[in-house]
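Chain by chain, the residues:
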Number of protein chains: 2
Amino acid sequence: MADMKGRHVLGLDKFFKPESVAVIGASNNPLKGGYMVIRNLLKFDYKGKIYPVNPREREILGLKSYPSVKSIPESVDLAFVIVPREIVPGVIQECADKGIKCIIVSSAGFKESGEEGSQLENKIVEIAKKENIRVIGPNTIGLINSSNNLILSFAPFEFIRKGPVAIIAQSGVFCGAALHWLLSSKIIGISKSVGLGNKCDVTEVEMLEYLGDDEETEIIFLHTEGLKDGRKFLRIAREVSKKKPLIVMKFGRTSIGAKAIVSHTGTIAGKDTIFATVLKQIGALRVDDLDELRDLVKILLGSRLISGNRVAIITYSGATGAQTSDLCIEAGLLIPELDEATILKIEDKCPPWMKISNPIDIWPAAMQHGADKIYDEVIRAISSDPNVDVIIVLVCVSYADHQKPSPQTLLNAISQIEKPSVVCTIGTSADIEKYQEILEGNRIPVFTSVKSCVEAISRLWQYSKFRLELTTTQFF
Amino acid sequence: MADMKGRHVLGLDKFFKPESVAVIGASNNPLKGGYMVIRNLLKFDYKGKIYPVNPREREILGLKSYPSVKSIPESVDLAFVIVPREIVPGVIQECADKGIKCIIVSSAGFKESGEEGSQLENKIVEIAKKENIRVIGPNTIGLINSSNNLILSFAPFEFIRKGPVAIIAQSGVFCGAALHWLLSSKIIGISKSVGLGNKCDVTEVEMLEYLGDDEETEIIFLHTEGLKDGRKFLRIAREVSKKKPLIVMKFGRTSIGAKAIVSHTGTIAGKDTIFATVLKQIGALRVDDLDELRDLVKILLGSRLISGNRVAIITYSGATGAQTSDLCIEAGLLIPELDEATILKIEDKCPPWMKISNPIDIWPAAMQHGADKIYDEVIRAISSDPNVDVIIVLVCVSYADHQKPSPQTLLNAISQIEKPSVVCTIGTSADIEKYQEILEGNRIPVFTSVKSCVEAISRLWQYSKFRLELTTTQFF
């Protein structure tokens with residue numbers, strides 16, 4: 001077993017931390033994937049050695065090009081293969097002869113494309129088994145390790161923010177889309193990202209185990225189209241969820257969706273009802289869209305775990321306070337009464353006719369004392385309220401400057417308190433980006449939709465409860 | 001009855017089409033609401049006469065200021081009152097004496113603020129009844145009629161796009177937020193917008209009847225916190241829904257939400273279960289968040305009615321095709337087989353191993369012939385497919401230019417076909433805005449989330465079915 005584990009998980013390390021990479025099918029033609037792979041490695045300043053392989057070129061983007069893998073004078077840790085499918089098996093054998101143990105096959109046209117492709121894919125697997133080689137793909141977008149600037153993909157990347165989120169995706173396009181979507185929130189950075197494609201060898205279960213132990217990864221997002229070994233997934237995913245949040249996206253729930261998946265990566269989706277039950281048991285969080293993924297990651301990064309589901313709502317708009325209350329209650333969250341001490345701290349700022357309750361409609365107080373002062377004081381007052389586990393701060397951004405707190409005011413107040421707090425903007429204005437930049441840049445999540453904000457808190461609570469129950473079980 | 005209707009609905013015309021407006025409480029202090037009201041009227045170039053009223057000023061923003069309404073030398077159609085609550089009843093009486101029949105009371109501190117405010121509000125109602133005056137408010141943000149540039153509000157507006165969407169909102173902040181949020185989509189323009197505040201006189205039911213007959217309004221959004229006359233609402237709203245989509249947002253469903261509403265506009269929310277049933281009966285569409293509102297308005301404006309719920313999905317990403325299929329089926333939409341003729345039109349562009357089905361994964365064909373050519377041809381091929389009612393065009397925007405169709409390609413193809421089509425972008429990039437500008441500027445909706453896109457189509461189908469069933473009933 002130790003050997004097997006060694007082969008399976010430790011064997012993946014060189015995929016992310018190679019000291020040298022050969023790109024077989026490297027190209028000088030900007031329209032070819034083999035061009036972009038080299039361009040990405042150079043653009044992001046990958047620290048290891050890069051060996052372009054292409055018999056028709058002497059130089060690619062300023063690097064010496066080799067006619068074959070064999071002709072590379074030094075040893076190579078990792079090969080990235082992007083050549084026509086017919087010659088892939090031969091290339092794999094050459095890599096084996098060169099002593100390369102990790103290969104990413106980016107080329108497409110294998111199991112996803114019918115009988116002929118399936119036979120070619122089987123050949124890859126045969127050679128890999130015989131030669132004790134690990135293969136990611138075929139039909140994959142590639143992988144990223146932000147810590148050593150290894151951006152190994154034919155997809156054009158302009159910008160990667162380093163951070164604690166890892167992506168494991170089966171679909172290449174989806175992997176890229178998820179990555180770009182996550183990076184659009186300033187709170188989110190990426191540790192590692194990998195597209196698994198047809199999974200002829202390396203599976204998501206192994207990758208999950210590897211990233212579960214990865215110190216640079218705090219949150220894992222897994223997109224899968226169908227698991228090969230459900231039982232092992234259950235065991236590993238539960239172990240991972242105990243340490244870090246695991247977010248799962250899986251389609252093929254309906255017969256039409258399942259059919260679409262077969263024609264795309266040749267995977268059978270499996271029974272969704274069983275999968276859904278399994279996910280809950282293991283503490284994993286399911287999302288159905290990239291929006292949901294981004295919102296959930298934002299709140300996991302910003303608020304970490306919460307110790308209960310009691311929400312305080314600070315609002316400048318009574319209607320939005322009512323809206324947020326309804327959506328919270330319907331999502332299984334609570335809107336508690338505020339503690340007497342909290343009310344005492346706030347009440348001298350409010351007109352005497354105003355009843356202070358939760359949601360706290362601060363409009364009358366802000367009219368009198370200014371939005372900055374009131375948001376600041378109310379956030380601080382609630383921070384020590386024992387009835388409250390998490391604070392939603394609603395800001396009407398469409399309004400005039402004196403009617404809304406500055407991003408800096410919110411940053412100062414929220415970053416100086418212990419209680420997890422999120423900001424939700426109402427309406428829209430050119431200012432929204434400023435709020436996101438200043439607040440999300442400091443790990444305070446900013447939502448632009450009340451519904452998404454509440455859904456994210458509800459999911460955060462779902463995961464927090466799973467972790468809390470683990471702790472309780474351990475102690476009793 | 002004719003008289004009553006006359007008083008109630010025709011009496012509202014002067015609110016939106018006054019030839020002259022007095023602003024009582026106009027100010028030269030940029031921090032005061034009474035400054036912004038005059039500034040908005042001037043900035044948007046309101047065509048009627050403007051009379052600022054403030055006894056302490058001789059001129060406001062270049063306009064002569066009058067010490068009182070009485071001192072205005074000509075007749076006045078509409079008064080906007082933004083003075084301390086104590087003097088509001090006196091001002092109303094002065095307006096009555098001047099012969100003004102329409103008054104907007106923007107000042108706050110009435111029924112929403114307790115007993116003293118309630119008594120002041122009762123005084124307003126007394127005078128209005130006695131003098132046969134219509135009052136909007138108190139506690140309102142004001143109103144907008146884009147066709148005559150009447151932007152009558154203390155909230156700062158920088159930009160209004162003219163168009164067919166009307167807003168009726170009880171909450172002022174919410175009214176402004178909804179307006180800004182809708183305007184953030186280039187497909188959406190505003191005909192009229194009104195905040196009703198405490199509804200001491202003019203109600204949403206009357207406003208609904210008025211806008212139901214308004215030729216400039218094609219879609220109505222109503223935010224209400226509680227209806228005073230449910231039976232009349234049911235009747236009017238059903239009549240309106242037969243002509244144009246009515247979108248409703250209402251909170252106070254939970255006891256906490258209901259409590260928040262009382263303290264905010266003094267309205268009792270009422271039983272939500274009854275309200276929800278009523279809404280369905282009358283063909284109205286309910287939304288819970290501004291995101292949902294914007295998405296629904298986009299698709300209503302872009303696609304108008306659809307004749308069935310059969311969706312064709314064009315995708316560059318197999319995974320997203322499966323995702324979209326699952327979400328469609330779960331939302332009550334269908335993914336039909338394509339007609340034989342459609343497949344014949346497409347198949348020579350695709351590699352022979354590729355099975356053409358719905359969703360149509362055009363990636364292999366686009367790789368060979370270019371994304372522009374393939375998106376164009378596939379959209380046109382499906383346009384005459386008798387099995388399909390609506391097309392979702394998925395575009396991976398994160399990708400390289402040759403892997404995605406240009407916005408212009410999509411515009412040409414979609415605007416030349418009859419079948420309703422929407423675009424949904426996957427991932428993110430600086431280009432998204434270009435797609436939105438070019439496509440939404442031409443009434444083709446662009447979504448940035450698959451889930452939102454599918455939800456919007458499902459709601460469009462809900463309304464289309466209501467209208468189709470009306471037609472069927474009429475014929476048989």
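Above this note sits the structure.
Below or above, wherever it landed, is the structure these notes cover.

Conventions used here
All residue numbers here refer to positions counted from 1 along the written sequence of the relevant chain. All chains are assigned letters beginning with A, and all ligands numbers beginning with 1, in the order in which they are written. It should be noted that, the model being predicted, local features are given only for residues of pLDDT at least 70 and side-chain atom pairs only at 80 or more, the latter also being counted only at that level, while totals for whole chains, interfaces and linings use all residues. Processing note: side-chain calculations cover all non-hydrogen atoms of the structure and skip hydrogens and water entirely. The rule for pairing is simple: two strands pair if DSSP sees at least two bridges between them. Segments assigned H or I by DSSP are reported as helices when at least four residues long, segments assigned E as strands when at least two residues long, and all are numbered from the N terminus. The angle between two axes is taken between their N-to-C directions and runs from 0 to 180 degrees, where each axis is a line fitted to C-alpha atoms and a helix contributes only its stretch in contact. Throughout, a residue-residue contact means that at least one pair of heavy atoms, one from each residue, lies within 4.5 Å. Definition used for salt bridges: Asp or Glu carboxyl oxygen within 4 Å of a side-chain nitrogen of Lys or Arg. Buried, partly exposed and exposed residues are distinguished by accessible area as a fraction of the type maximum, computed with a 1.4 Å probe on protein chains only: under 20%, between the cut-offs, and over 50%, respectively. Consider the strands pointing away from the viewer: the crossover is right-handed when the path from the first strand over the helix to the second runs clockwise. Summed over both partners, the accessible surface that disappears when two parts come together, traced with a 1.4 Å probe, is what is meant by buried area. A pair of Phe, Tyr and Trp rings is counted when the ring centres sit within 6.5 Å of each other, with Trp represented by its six-membered ring. The angle between the planes then sorts it: under 30 degrees is stacked, over 60 is edge-to-face, the rest tilted. Charges are assigned to positions over rings by a cutoff of 6 Å between ring centre and Lys NZ or Arg CZ, combined with an angular limit of 35 degrees from the ring normal. Criterion for a disulfide: a pair of cysteine sulfur atoms within 2.5 Å.

Below, the discussion takes up the sheet that holds strand E16 (residues 360-361) of chain B. Residue and element names in this part refer to chain B. Here 5 strands make up an open sheet; going across it, the order is E16-E15-E17-E18-E19 and the pairing parallel. The open sheet has two edge strands with one neighbour each: E16 and strand E19 (446-447). Pairing geometry for strand E18 (residues 421-426) and E19, over 2 bridges, is parallel. Counted as the bridge partner of Cys424 is Phe447 from E19.

As a further point, take the sheet that holds strand E1 (residues 20-24) of chain B. Residues and elements named next belong to chain B. Strand order in the open sheet formed by 5 strands is E2-E1-E5-E6-E7, and the pairing between neighbours is parallel. Both outer strands of the open sheet, strand E2 (49-53) and strand E7 (134-136), are each paired with one neighbouring strand and no more. With direction set aside, neighbouring strand axes in the sheet form an average angle of 20°. Summarising the sheet, E1 and E2 pair through 5 bridges and their orientation is parallel. By the bridge assignment for E2, Val21 is matched with Ile50. Across the sheet, helix H3 (residues 33-43) lies against E1, E2 and strand E5 (78-81), angled at about 165° from E2, the strand it touches most.

The next point concerns the pattern of salt bridges. Residues and elements named next belong to chain A. Under the definition given, this model contains 55 salt bridges over all chains. Of the charged contacts, one joins Lys43 and Glu158 as a salt bridge, the two residues approaching to 3.5 Å between their closest N and O atoms. Of this pair, Lys43 sits in helix H3 (residues 33-43) while Glu158 sits in the loop between strand E9 (150-153) and strand E10 (162-169), and the two are 115 residues apart along the sequence. Using a relative accessible area of 41% as the deciding quantity, one classes Lys43 as partly exposed.

All names here are of chain B. Among the 8 residues in strand E10 (residues 162-169), 6 count as buried, and that is most of the element. In this structure, E10 lies alongside strand E11 (residues 190-195), joined through 5 bridges in parallel fashion. Residue pairing in the sheet places Ala169 in a bridge with Gly195 of E11. Viewed along the sheet, the connection from E10 through helix H6 (residues 172-183) into E11 turns out right-handed. The sheet contact formed by E10 and strand E12 (residues 219-224) spans 5 bridges and is parallel. Within E12, the position partnered with Val165 by the bridge is Ile219.

Along any regular strand the residues' side chains alternate between the sheet's two faces. Residues and elements named next belong to chain A. For strand E12 (residues 219-224), a buried count of 6 out of 6 residues is recorded, marking the element as mostly surrounded by other parts of the structure. Here E12 shows two buried faces, one formed by Ile219, Phe221 and His223 and the other by Ile220, Leu222 and Thr224. Here 5 bridges tie E12 to strand E13 (residues 246-250), and the two strands are oriented parallel to one another. Bridge pairing links Phe221 to Ile247 in E13. In the classification by handedness, the crossover that spans E12, the intervening helix H8 (residues 230-243) and the parallel E13 is right-handed.

Attention now goes to the interface of chain B and chain A. Across the contact, 64 residues belong to chain B and 65 residues belong to chain A. Summing both sides of the interface, chain B and chain A together bury roughly 5,200 Å²; the carbon and sulfur share of this comes to 62%. Among the residues chain B hides against chain A, the three largest losses belong to Val173(B), Asp326(B) and Tyr399(B). Together they make up 11% of the total. Scanning the region where chain B abuts chain A turns up 4 salt bridges.

So, on to the packing of aromatic side chains. Residue and element names in this part refer to chain A. Under the definition given, this model contains 6 aromatic pairs over all chains. Note on Phe16 and Tyr210: the rings are 5.3 Å apart at their centroids and 10° apart in plane angle, and the pair reads as stacked. Of this pair, Phe16 sits in helix H2 (residues 13-16) while Tyr210 sits in helix H7 (residues 204-212), and the two are 194 residues apart along the sequence. Like Tyr210, Phe16 is buried. The positively charged end of Lys64 is found above the aromatic ring belonging to Tyr66, 4.9 Å away from the centroid. Positioned over the ring face of Phe447 is Lys298, at 5.0 Å from the centre of the ring.

A word on the state of the cysteines. In a disulfide, the sulfur atoms of two cysteines are covalently bonded to one another. Residue and element names in this part refer to chain A. Under the definition given, this model contains 0 disulfides over all chains. Of all cysteine sulfurs in the structure, the one in Cys453 sits closest to Cys424, which takes part in no disulfide; the separation is 4.6 Å. Residue classification places Cys424 among the buried residues on the basis of a relative accessible area of 0%.

The next thing to look at is H3(B). Each full turn of the α-helix corresponds to 3.6 residues, which orients residues three or four apart in the same direction. Residue and element names in this part refer to chain B. H3 sits mainly inside the fold: 8 of its 11 residues count as buried. Turning to H3, its buried residues are Gly34, Tyr35, Met36, Val37, Ile38, Arg39, Asn40 and Leu41. In this structure, the buried side of H3 is in contact with E1, E2, strand E3 (59-60), strand E4 (63-64), E5 and strand E9 (150-153). Looking at the residues trailing H3, positive phi occurs at Asp45, about 65°.

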